Amino acid sequence: MDHSPLIASLRRTYDVAGRQGRQAAYAAMLKVTFGFLLATAVLWGAAHLNLMLPRSAQPLFLIGLGVIWLMLFLATSAAALAAEIRRLHDVGLSGWLTAPLPVLMLIFLAFAVTDRPGAAGAAMVALMVVGLALEATLKLKPGDPGENRYGPPVEDRGLFDVDPPQAPTPAT
């Protein structure tokens, strides 16, 4: 079995150059989300092993799981950000438009853990609604039909977003 399309797809996971069509962007986000949820479920299951450990080892075990989860979160966030940048390139926009996202996410998380976020929390919710509307618009907008400054137009190639394998040429 030839695994080259899968390998090429994995190599493209963190690549921010070029363009990516709508279907490939959806597929990339699904792969990232599914991978993260699967890893989180495995770590959640592993956290229950904590009860079988001696009391002195339990905090260290949970800290280790937290560090692993944080690394997975950062890796999947970087992959999602790369897919988002390629999608922005497809509609002719700069990937730098995603720069405020990590900062806004951290601000939102800071308000989410407080007991009384007040007006700032309401503003963050409003900002999230606006962001989701912009995200939906971006996901539904077709890419530039011609070449733009980020490269030639791409055709949506589905899940792996790579060229189909070529048939071997006969030796002459």
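These numbers come from a predicted model, not from an experiment.

1. Comments concerning the overall build of the protein
For step 1, the next point in the chain: Scanning the protein for helices and strands turns up 5 helices and 0 strands.
For step 2, the next point in the chain: Going from N to C terminus, the protein has its helices and strands arranged as α-α-α-α-α.
For step 3, the next point in the chain: Counting all 172 residues of the protein, 25% fall into the buried class.
For step 4, the next point in the chain: By sequence separation, contacts in the protein at least 24 residues apart represent 74% of the contacts at least 6 residues apart.
For step 5, the next point in the chain: Carbon and sulfur atoms make up 74% of the accessible area of the protein, which amounts to about 11,800 Å² in all.

2. Description of the confidence of the model for the protein
For step 1, the next point in the chain: For the protein, the mean per-residue pLDDT works out to 78, and 78% of the residues sit at or above 70.
For step 2, the next point in the chain: Averaged pLDDT values for the elements of the protein fall to 71 in helix α1 (residues 4-12) and rise to 87 in helix α3 (residues 58-90).

3. Concerning the environment of L97
For step 1, the next point in the chain: Among the structural elements, L97 can be located in the loop between α3 and α4 (100-112).
For step 2, the next point in the chain: Residues L97 and I85 lie 12 residues apart in sequence; the distance between their C-alpha atoms is 8.3 Å.

4. Things to note about the environment of H89
For step 1, the next point in the chain: When you line up the elements, H89 lands in helix α3.
For step 2, the next point in the chain: Once the C-alpha coordinates of H89 and R19 are considered, the two residues, 70 residues apart in sequence, prove to be 5.2 Å apart.
For step 3, the next point in the chain: In this structure, H89 is in contact with V16, G18, R19, G95, N148 and Y150, ignoring residues within four places of it in sequence.
For step 4, the next point in the chain: Within the structure, the side chain of H89 is placed 2.9 Å from the backbone oxygen of G18, a separation counted as a polar contact.

5. So, the layout of surface pockets
For step 1, the next point in the chain: The volume enclosed by the largest pocket comes to roughly 1,500 Å³.
For step 2, the next point in the chain: In terms of lining residues, the largest pocket is bounded by 37 residues, among which L81, L101, P102, M105 and E135 are the most central.
For step 3, the next point in the chain: When contributions to the lining of the largest pocket are tallied by element, the ones reaching two or more residues are α2 (22-47), α3, α4 and α5 (118-140).
For step 4, the next point in the chain: Take the lining of the largest pocket: its biggest share by element is 10 residues, from α5.
For step 5, the next point in the chain: Across the lining of the largest pocket, the residue classes tally to 28 nonpolar, 6 polar and 3 charged.

6. Some details on the pattern of salt bridges
For step 1, the next point in the chain: Under the criterion given, the structure shown has 2 salt bridges.
For step 2, the next point in the chain: The partner of D90 in a salt bridge is R19, with the nearest N and O atoms 3.0 Å apart. Of this pair, D90 sits in helix α3 while R19 sits in the loop between α1 and α2, and the two are 71 residues apart along the sequence.
For step 3, the next point in the chain: Each of R19, R87 and D90 takes part in a single network of salt bridges with overlapping partners.

7. Things to note about the packing of α2 against α3
For step 1, the next point in the chain: Contact pair α2 / α3: the axes reach a minimum separation of 9 Å and the direction vectors enclose 175°. In terms of orientation, α2 and α3 fall into the roughly antiparallel class.
For step 2, the next point in the chain: For the contact of α2 with α3, the per-class residue count stands at 19 nonpolar, 2 polar and 3 charged.

Cut-off values and rules
- Residues numbered from 1 in each chain as written.
- Predicted model: local features only at pLDDT ≥ 70, side-chain atom pairs only at ≥ 80, totals over all residues.
- Heavy atoms only, no water.
- Helix = DSSP H or I, 4+ residues; strand = E, 2+ residues; numbered from the N terminus.
- Buried < 20%, exposed > 50% of the residue type's maximum accessible area, 1.4 Å probe, protein only.
- Contact = heavy atoms within 4.5 Å.
- Areas by Shrake-Rupley, 256 points an atom, 1.4 Å probe, with all protein chains shown as cover.
- pLDDT = per-residue confidence, 0-100.
- Polar contact = N/O pair within 3.5 Å; in protein donor to acceptor, adjacent residues only side chain to side chain.
- 1 Å grid on protein atoms, 1.4 Å probe; cavity = no way out; pocket = protein on both sides within 12 Å on 5 of 7 lines; lining within 4 Å.
- Points joined across faces, edges and corners; volume = space filled by probe spheres on them.
- Nonpolar A, V, L, I, M, F, W, Y, C, P; charged D, E, K, R; others polar.
- Salt bridge = Lys/Arg side-chain N within 4 Å of Asp/Glu carboxyl O.
- Axes fitted to C-alpha atoms, helices over the stretch in contact; angles between N-to-C directions.
- Parallel < 35°, antiparallel > 145°, perpendicular 65-115°, else oblique.

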